[in-house]
Amino acid sequence: MELHVTRWKRYGHDRLYANLPDGTAVGWADVTTGDITVLRAECRDDVIAVLTTHLQSLTEPVLPDRAPETQARPLLPPLTPADDLALNPPGQSLRDLLAESGPGLLERVVSRLLRRPTEWDSWRKGLAGERRVGAELNRLCRHGWRVLHSIPLATKVDIDHLLIGPGGVFTINTKHHHKRAVWVGDDSVKVDHGKPAPYARKSRAEAKRVVRVLERYCGFPVPVEPVLVFVGVTELKVVATQLDVRVYQERQLSALGPLSGVLTADQVEQVYGVARHRQAWSRA
C-alpha cells in the first residue's frame, strides 16, 4: 500500500501523519514519544512500517524541553441561541435574501404572466436544492454524523452544508440544475455542454477556509474534503482522473455514512461545537 508521510507541528505537538494518495490520514506518530496511532485497522501493518521508518530517519527529534512554544488556542464565548448555527434550516441564507430583497406579490404575478425569468428564480431554485440535500444529509445523523446548514462567512457568502463525523469533515456545495446534463472534468464543470464553471476550484477553496477555522480552535488537525452535489440533473458524467473533490447526486450522499476512522467520537463533538458557533466564522 502506498502511503505518504507528512510532518505536522502545531500547539506544541510534533507528529508524522501517514496518508493515502488522496490525502486521507490513516495513522500518525508522536515524534517526541515515538507512539504510533492507527486510524484505519485495515492499514495497520503499512502504517506502522512506514511511520517506524520515518521516525528512525529523524536525526534530531524534538525533545520535550525543546518543543516549539505552545500556541495558545483562542476560546469562543459561551454559545447563545443567536450564535447557534445548529438552529439554521437548510437554505437559511437564501431564505433571508428572499425575505429582505425578494419580490412582492405584484412583482411575482407580473413575472409569471410575462414568463420573464428573474434573479429571484435562481434563488428559489437554489433554496429548493439546499432543502433536498439537507434532508439527505440529516439522514446520516443516525450513523453518528453531525450536520450544519447555511454557515455564514465574513465575505457575505455561506457554506451550504457542513458534515462532521467519524469519516472526517465535508463541505457540501449544492448545485441545482433541474433536468440538465452535467459533465465533470478534473478542474471544470459543464452544464448542457455550456461554458466551463469553476465549481471544483471554488469547492476546494471553501474546504481550505473551513480547515483554517476549525484548526484555529481545535488542538488537532481536522481533515476537510470538498463535495459537489448536483440536484435534479438528468445525467451526471464524471470523467476526471485526478479530481480531489467528491461528486454526487443528492441520493448518493448516503455513501458518506459508512466512512469512519478519521475522527474519534470526542473529536467529532469538539469540531461540531466549534463549527456551530457563529463567532468562529466571523473572520473566515
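Preceding this section is the structure that the text describes.
Just so it is clear, the model here is predicted, and its values are computed rather than measured.

Asker: Got a minute to help me understand the nonpolar core in this structure?
Answerer: As a rule of thumb, soluble globular proteins bury nonpolar side chains together. Of all hydrophobic cores here, the largest spans 27 residues; its most connected members are Leu 162, Val 169, Leu 214, Val 271 and Trp 281. Going through the elements one at a time, β5 (146–152), β6 (158–165), α5 (199–217) and α6 (265–275) are the ones with two or more residues in this core. Residues contacting Val 169, with those up to four places away along its chain left out, are Leu 162, Leu 163, Ile 164, Val 210, Leu 214, Val 222, Pro 223, Val 224, Glu 225, Leu 263 and Val 271.

Asker: Would you explain the packing of aromatic side chains in this entry?
Answerer: Note on aromatic pairs: each is described by the distance of the centres and the angle between the planes. What the rule picks out here adds up to four aromatic pairs. Look at Tyr 199 and Phe 230: their rings are 6.2 Å apart centre to centre, the planes differ by 45°, and that puts the pair in the tilted class. Within this pair, whereas Tyr 199 is found in helix α5, its partner Phe 230 is found in strand β10 (residues 224–231), the two being separated by 31 residues in sequence. Since its relative accessible area comes to 15%, Tyr 199 is described here as buried. Under the relative-accessibility criterion, Phe 230 is labelled buried at 0%. Aromatic rings pair up to connect Trp 8, Tyr 17 and Trp 28 into one cluster. It is Arg 15 that lies over the ring of Trp 28; its NZ or CZ is 4.0 Å from the centre. Over the aromatic face of Trp 183 sits the side chain of Lys 190, whose NZ or CZ is 5.5 Å from the ring centroid.

Asker: Any chance you could explain the pattern of salt bridges here in plain terms?
Answerer: Side-chain pairs of opposite charge can arise whenever the charged atoms involved come near each other. Scanning the entire structure with this criterion turns up nine salt bridges. Across the salt bridge formed by Glu 136 and Arg 139, the nearest N and O atoms sit 3.7 Å from each other. The exposure class of Glu 136 is buried, given its relative accessible area of 10%. For Arg 139, a relative accessible area of 42% puts it in the partly exposed group.

Cut-offs applied
- Note that residues are indexed from 1 along each chain, following the sequence as it is written.
- Local features in this predicted model are restricted to residues of pLDDT 70 or higher, and side-chain atom pairs are both shown and tallied only at a pLDDT of 80 or more, whereas totals for entire chains, interfaces and linings draw on every residue.
- No hydrogens and no water enter the side-chain calculation; it runs on all heavy atoms of the structure.
- Take the buried Ala, Val, Leu, Ile, Met, Phe, Trp, Tyr and Cys residues and link them wherever side-chain atoms come within 4.5 Å; each set so joined is a nonpolar core.
- We call a residue buried when its accessible area falls under 20% of the maximum for its residue type, exposed when it is over 50%, and partly exposed in between, using a 1.4 Å probe and counting protein chains only.
- A helix here means a DSSP run of H or I that spans at least four residues, while a strand means a run of E at least two residues long, and both kinds are numbered starting from the N terminus.
- By definition, residues are in contact when any of their heavy atoms lie within 4.5 Å.
- Note on ring pairs: Phe, Tyr and Trp rings are taken, using the six-membered ring of Trp, and paired if centres are within 6.5 Å. Classes follow the plane angle, with under 30 degrees stacked, over 60 edge-to-face and the rest tilted.
- A positively charged side chain is recorded as over a ring if its NZ (Lys) or CZ (Arg) lies within 6 Å of the ring centre. The angle to the ring normal must also be within 35 degrees.
- In the sections that follow, a salt bridge refers to a side-chain nitrogen of Lys or Arg positioned within 4 Å of a carboxyl oxygen of Asp or Glu.

What is shown is where atoms sit, not what they do.
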